[in-house]
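Structure assessment
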Amino acid sequence: MDTRPPNLPPLLLLTIILLFSQCARGQSSYIIDAVGLKILPASTVQSGTLVTMQCRVIVSHDNTARLTHKFQIVRDDVPIRSFTTTEDTVVHELKPARAADSGSYECRVTVKDKSKTSFSQKLDVTGLQDPVLYLNRTTLYEGDDFIATCSAPEEKGSLIFRFFRRFRNEESQRMKQVAPTGNSSETTLVLRQAGDYFLYCDYEINLVSGTRRSNHSNEVQVIVRELHISPVMNVLPSSRVFEGDVIEVVCKVVTSLKNIQVFLTKDKRILKQAPVSLSHRFTAQEGDSGELVCKAEWGNVQKETYKTLTVKELFSKPWLTVDPGDIFVGDRFKLTCSVSVYVPERINNQTLQFAIYKNNMKMTSSETYITQAHPSTNGNYTCKTMASSVSHSFVKESPTLVVKAKVPVSKPVMSVVGGTLILGRHFQLICQSDQGTLPITYLLYGPRGLVGHRVVGKPGDQAVFNCSSIFKSSDLSKFMCQAKNSQHRPPMVGSGMEAQLLRSTKIIEPVSKPMLTIEPSMGDVSEGQDLTLSCSVQSGTPPFNFTWYRAESEGALATQTSKMQKGYYHVRSVKGEHKGGYYCVSTNPANESKQSQTIMITVKMAGWKKGLIAFFCILLILVLILVVVFKTCLRQFKRKRTGELSVKSASTKVERLSLTQAEVIEAANVTPGMMGKSVWSEHVSGSESDDQKSETATTEPHYTGEDQHRQIQTEVNLPLAPVNTETDAVNSEVRNSKHGDPEQTTVEYAELNHDTDHQGDHGEHGEQGGDSVQHDHLDETGDNNTADHGE
């Protein structure tokens, strides 16, 4: 059996390849082209209209698979409805549209991970439904409450309802506004005045575009009846009575209504309560005067009646007095209890009884009490008075009197705040007594009179005085303090307080302005010397702190603390860098710095340096003089030597040049070309021999003119030629040169030799060329002679 797999048909193979290609591609490609929103029938409609919103999306993709679209309808950035579908269009209906549906709408479409939003479309729904008012009661008594309901059932959103009333022909007044709860609101209202009312309501709705208000609702008439429950109050025997009289107050309501309560109150305090009517009996006292109120209550309705009660006193409330007013320990004092009788026909002074109490303990049965002041007698004292009338007896008590024996003030003691006084500065003084009952008044006197006064009324307080500065220690002994705590006692003055104040005070005198001096001299110091800067003060409290500074540098040079009035700063081996301004600053425990004047120090050069510099200057001058003398001698020597050599060389060259011209004249029969060559060669040889002879002028023997002529004739064996004009000119110039400057003649022939050498190189160019060269040579020689004369 053949187990090989059968060959796959080509069509099946192609299908498999297509499937794999689709799997390889993965997610399909797509793009949201556009999202549109349409509102029908219009963007502005009346309330109650059916409004349709159509949202459509256009998506481009690369396969036939249907994509899932997520639609979201948004109003004023708040989503209100969502759809998920494969369709490209959805519809949202408002059945019907109300004012709450007004706003800006958008349609947001999401396809997989891509999203797009349409342009905003505005919907405006005009008009509001008229509200409806309903009351659970339309006839009621004044003060009764009732329930009112206002609603707009077809409206949407949170509505704010308001309730109004109109009484007879008056203007409408708002009764209540309730919080938004939907399209209906129920609340409780009260009408407290009898009469006919008309009630209505309306509502508001808050939109993004603003607040809209509805029309008024239907008006409902409410009849409020008067409630006859006003109470009747009687005070017997009268509303004006004397203390001790018996009073009866009757309060009642005449009505057929049930469940009525009656209250009797005074100063917001209920005296008695009863249904329908009450009667209250009491004995009149001093504090019973005031306003009585009778109240009748039925449900939430109250009616009130007022009466004023006046109670007259038979005698006054007793009061307790003490004599004297200021009681000090050891003094005797007297307490007296007294009253004033207002109705003598009812009260007899002989029937009054007195009693004095201390801390609720009876001290005496008399109207007076005398004792000696002592801490044990301090306490709260009262007085009680008992009296009897025809029909009643009663007791009155006086207010409490506090008796506390004072302690006399002791001698005051003065001290400086901080214990340290710096002369020339403001300071503070404390005046204090160790004993004495508060308040204590302190007076301080100084060198210029009264400084001030202080009253100490609380424990722990001190009498602190701000004093002007003093400049001498003795001025501190002129301060004096007085203390008193009674108007009837002389003030206490401390004895010996001036000496005690001086002993207990540390007096510091500020340091004076320092003086900076220089030793050994002022201002000028030589290098290498030792310099001492001394800083001294004239006055001040030690120890002193001296600090030295240099004006040109930052920071202190040195600091020294001394009990002496002078400090020193030493500078060893002064150098040029030590010059400049110096000053010192002094301080002491007064913490006040004083600065001296700045002193300028000039550092002179050391003596050995000055001598060394002088030596080198003299040596340099001598060298310069020697150089000048040497150059002068050398120049004279050169001029003399040059003159001798120039004379010798010039005479030799002239003779040789004249002999050469003679040879030229003798060689007149020679052709011009040959003559030019011979003359040029002779010039060259003559020039070279002249240079050599000039260089060896001191060693070669001197020849006479005939010897030189003979030698030249021997060296030049050329036939003579006729003399031309140019040759005569040359000879003439040479002759003239004999009468001139030897140096000039030497220079001219040197130039001539140089040009002759140059001309010899071009002698092969023929006769015409040789002649031109000679003319050029002569011209140049003339120019050189002119230049030499100028020099």
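The structure presented is a predicted model; accordingly, all values stated were derived computationally and were not measured.

**Structural notes on the packing of aromatic side chains**
Applying the stated criterion across every chain, the model contains 11 aromatic pairs. Ring centres of phenylalanine 167 and tyrosine 197 lie 4.6 Å apart, and the angle between their planes is 40°; on these two criteria the pair is classed as tilted. One end of the pair, phenylalanine 167, is in strand S13 (residues 159-167); the other, tyrosine 197, is in strand S16 (residues 195-207), with 30 residues separating them in the sequence. Tyrosine 197 shares its class with phenylalanine 167; the two are buried.

**Side note on the sheet that holds strand S27 (residues 319-323)**
Strand order in the open sheet formed by three strands is S27-S28-S31, with antiparallel pairing between adjacent strands. For this open sheet the edge positions go to S27 and strand S31 (368-372), each flanked by a neighbour on one side alone. Neighbouring strand axes in the sheet, compared pairwise and without regard to direction, differ in orientation by 15° on average. Taken together, the five bridges between strand S28 (residues 332-338) and S31 define a ladder with antiparallel strand orientation. Paired with threonine 336 across the strands is threonine 368, a residue of S31.

**Some points on the environment of asparagine 63**
Locating asparagine 63 in the fold gives a position in the loop between strand S3 (51-61) and strand S4 (69-75). For the pair asparagine 63 and tyrosine 30, spaced 33 residues apart in the sequence, the C-alpha separation amounts to 8.9 Å.

**Some words on the state of the cysteines**
Scanning the entire structure with this criterion turns up six disulfides. Disulfide partner of cysteine 55: cysteine 107, at an S-S distance of 1.6 Å. Disulfide cysteine 55-cysteine 107: torsion about the S-S bond near -85°, hence left-handed. In this pair, cysteine 55 sits in strand S3 while cysteine 107 sits in strand S7 (residues 103-111), placing the two residues 52 residues apart along the sequence. Each member of the pair cysteine 55 and cysteine 107 is classed as buried. Regarding the disulfides, the chain carries the connectivity 1-2, 3-4, 5-6, 7-8, 9-10, 11-12 under sequence-order numbering of its bonded cysteines.

**Thoughts on the nonpolar core**
Ranked by internal contacts, the top residues of the largest apolar core, which has 26 residues, are Leu133, Leu135, Phe163, Leu199 and Val222. Looking at this core, the elements that each hand over two or more residues are strand S10 (132-135), strand S12 (145-151), S13, S16 and strand S18 (220-225). Once you skip the residues sitting within four places of it in the chain, leucine 135 turns out to touch Phe146, Ile147, Ala148, Leu199, Val220 and Val222. In this structure, Val57, Ile73, Phe83 and Ala97 belong to the second largest nonpolar core, which totals 24 residues.

**Structural notes on the side chain of serine 118**
The residue serine 118 is located in the loop between strand S8 (114-117) and strand S9 (121-126) in this model. Its relative accessible area of 6% is what places serine 118 among the buried residues. Leave out the neighbours within four places in its chain, and serine 118 touches Val35, Gly36, Leu37, Glu106 and Cys107.

**Some remarks on the UniProt feature "transmembrane region" (unreviewed entry) in the chain**
Per the UniProt annotation, the sites labelled "transmembrane region" (unreviewed entry) are residues 612-634. Annotated as 100% helix and 0% strand, the span residues 612-634 places its first and last C-alpha atoms 33 Å apart.

**Points about the environment of alanine 152**
In this fold, alanine 152 is placed in the loop between S12 and S13. A sequence separation of 24 residues divides alanine 152 from leucine 128, and the C-alpha atoms of the two residues are 8.9 Å apart. Residue contacts for alanine 152: discarding those within four places in its chain leaves Gln129, Leu159, Phe161, Asn183 and Tyr203.

**Re unusual backbone geometry**
Between leucine 40 and the following residue, proline 41, the backbone shows a cis peptide bond with an omega angle of 10°. Assignment of secondary structure puts proline 41 in the loop between strand S1 (30-40) and strand S2 (44-46). Look at the link from leucine 236 to proline 237: it is a cis peptide, with omega at 5°. In this structure, proline 237 sits in the loop between strand S19 (232-236) and strand S20 (240-242). The backbone of lysine 112 shows a phi angle near 55°, a positive value even though the residue is not glycine. Mapped onto the secondary structure, lysine 112 falls in the loop between S7 and S8. The exposure class of lysine 112 is partly exposed, given its relative accessible area of 46%.

Scoring rules and cut-offs
Residues numbered from 1 in each chain as written. Predicted model: local features only at pLDDT ≥ 70, side-chain atom pairs only at ≥ 80, totals over all residues. Heavy atoms only, no water. Phe/Tyr/Trp six-rings, centres within 6.5 Å; stacked < 30°, edge-to-face > 60°. Helix = DSSP H or I, 4+ residues; strand = E, 2+ residues; numbered from the N terminus. Buried < 20%, exposed > 50% of the residue type's maximum accessible area, 1.4 Å probe, protein only. Pairing = 2+ DSSP bridges. Axes fitted to C-alpha atoms, helices over the stretch in contact; angles between N-to-C directions. Disulfide = S-S within 2.5 Å. Core = buried A, V, L, I, M, F, W, Y, C linked by side-chain atoms within 4.5 Å. Contact = heavy atoms within 4.5 Å. UniProt positions renumbered as here; feature names shortened; annotations may be inferred.

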